[in-house]
Amino acid sequence: MTRSPNPVTGVHYKPRDLSDRFALGFTKVLRGFADLCFAKRYGHRAVVLETVAAVPGMVGATLTHLRCLRSMVPDHGWIRTLMEEAENERMHLMTFIEVTTPTLFERMLIMVVQWLFYAGFFLIYLTSSKTAHRIVGYFEEEAVVSYTHYLAEIDEGRVPNPPAPRIAREYWELPVDATLRDVVLVVRADEAHHRDVNHEFASIRAGLPSNPDQTAPYPAHGTTA
Ligand SMILES: [Fe+2]
Ligand SMILES: [Fe+2]
């Protein structure tokens, strides 16, 4: 009997063409860079990477908006969805900044990476919005893996589990006794949602059928996340 994969953690979009393989390769290179910078410092990793994660939705919304104006076509709700993704990612950042204080090096890294990533992602989206959405789909797969490892660190007592920041309790409507673990769980669910939406958008752009039958259990990762 085959068990269906966990809809949050067990989903991986199998690359189907050159653009998908580029998107996956690009994601793996950036993940390697993140591993090098942060290893298991998950709070710092979350703060720095959420400053990057909040960029694609706004780029996608802007360029989709401009394309709709140029071509005089409806957006079918894409612009709102992408702007909501950007806002949701910014709330992840506002939450984790209450948990961890970035170092001076990390603040400098954030500024440099923002310029490079904004310009690079803008060009990729202009060239191929399908590839751009596939990249975000793979980024979000990695985000789910990283937050799963963050949860394991909390559960095994290597990372403290303080009360959830107030901003997080209000945003996700968590109970007053919610903890960091509860926050990581809801953030991970958000990342899984972005993953599915972006893979779906990439498939729509490529004229492919819907995603569910193209997913497979996520490949096992090493100890670094
Ligand atoms: Fe996020
Ligand atoms: Fe995300």
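Residues numbered from 1 in each chain as written. Chains lettered and ligands numbered in written order. Predicted model: local features only at pLDDT ≥ 70, side-chain atom pairs only at ≥ 80, totals over all residues. Heavy atoms only, no water.

## Some points on the pattern of salt bridges
No. 1: Summed over the entire model, instances satisfying the criterion amount to 14 salt bridges.
No. 2: We note a salt bridge from D35 to R31, for which the minimum N-O separation is 3.7 Å. Highlighted residues: D35 and R31, both in helix α1 (residues 18-38), separated by 4 residues, approximately one helical turn.
No. 3: Of the charged contacts in the structure, one is a salt bridge between R41 and E106, with a shortest N-O distance of 2.9 Å. Taken together, the residues span a long stretch of sequence, with R41 in the loop between α1 and α2 (42-53) and E106 in helix α5 (residues 104-127) at a distance of 65 residues.
No. 4: Look at E106 and you get buried, because its relative accessible area is 2%.
No. 5: Through salt bridges with shared partners, one network takes in K28, R31, D35, R45 and E142. (Salt bridge = Lys/Arg side-chain N within 4 Å of Asp/Glu carboxyl O. Helix = DSSP H or I, 4+ residues; strand = E, 2+ residues; numbered from the N terminus. Buried < 20%, exposed > 50% of the residue type's maximum accessible area, 1.4 Å probe, protein only.)

## Quick word on the confidence of the model for the protein
No. 1: Across the protein, the average pLDDT comes to 91, with 91% of residues at 70 or higher.
No. 2: In this model residues 217-225 is a low-confidence stretch, pLDDT under 50, and it forms 30 contacts with partners more than four residues away in sequence or in other chains. (pLDDT = per-residue confidence, 0-100. Contact = heavy atoms within 4.5 Å.)

## Thoughts on the packing of α1 against α5
Helices that pack against each other are described as a pair by the angle of their axes relative to one another and the distance between those axes.
No. 1: Viewed as axis vectors pointing N to C, α1 and α5 meet at an angle of 180°, and their least axial separation amounts to 14 Å. Considering the angle they form, α1 stands roughly antiparallel to α5. Facing α1, whose interface residues are F26, F33, C37 and F38, α5 presents E106, L109 and I124.
No. 2: Tallied by class, residues from the contact of α1 with α5 come to 6 nonpolar, no polar and 1 charged. (Axes fitted to C-alpha atoms, helices over the stretch in contact; angles between N-to-C directions. Parallel < 35°, antiparallel > 145°, perpendicular 65-115°, else oblique. Nonpolar A, V, L, I, M, F, W, Y, C, P; charged D, E, K, R; others polar.)

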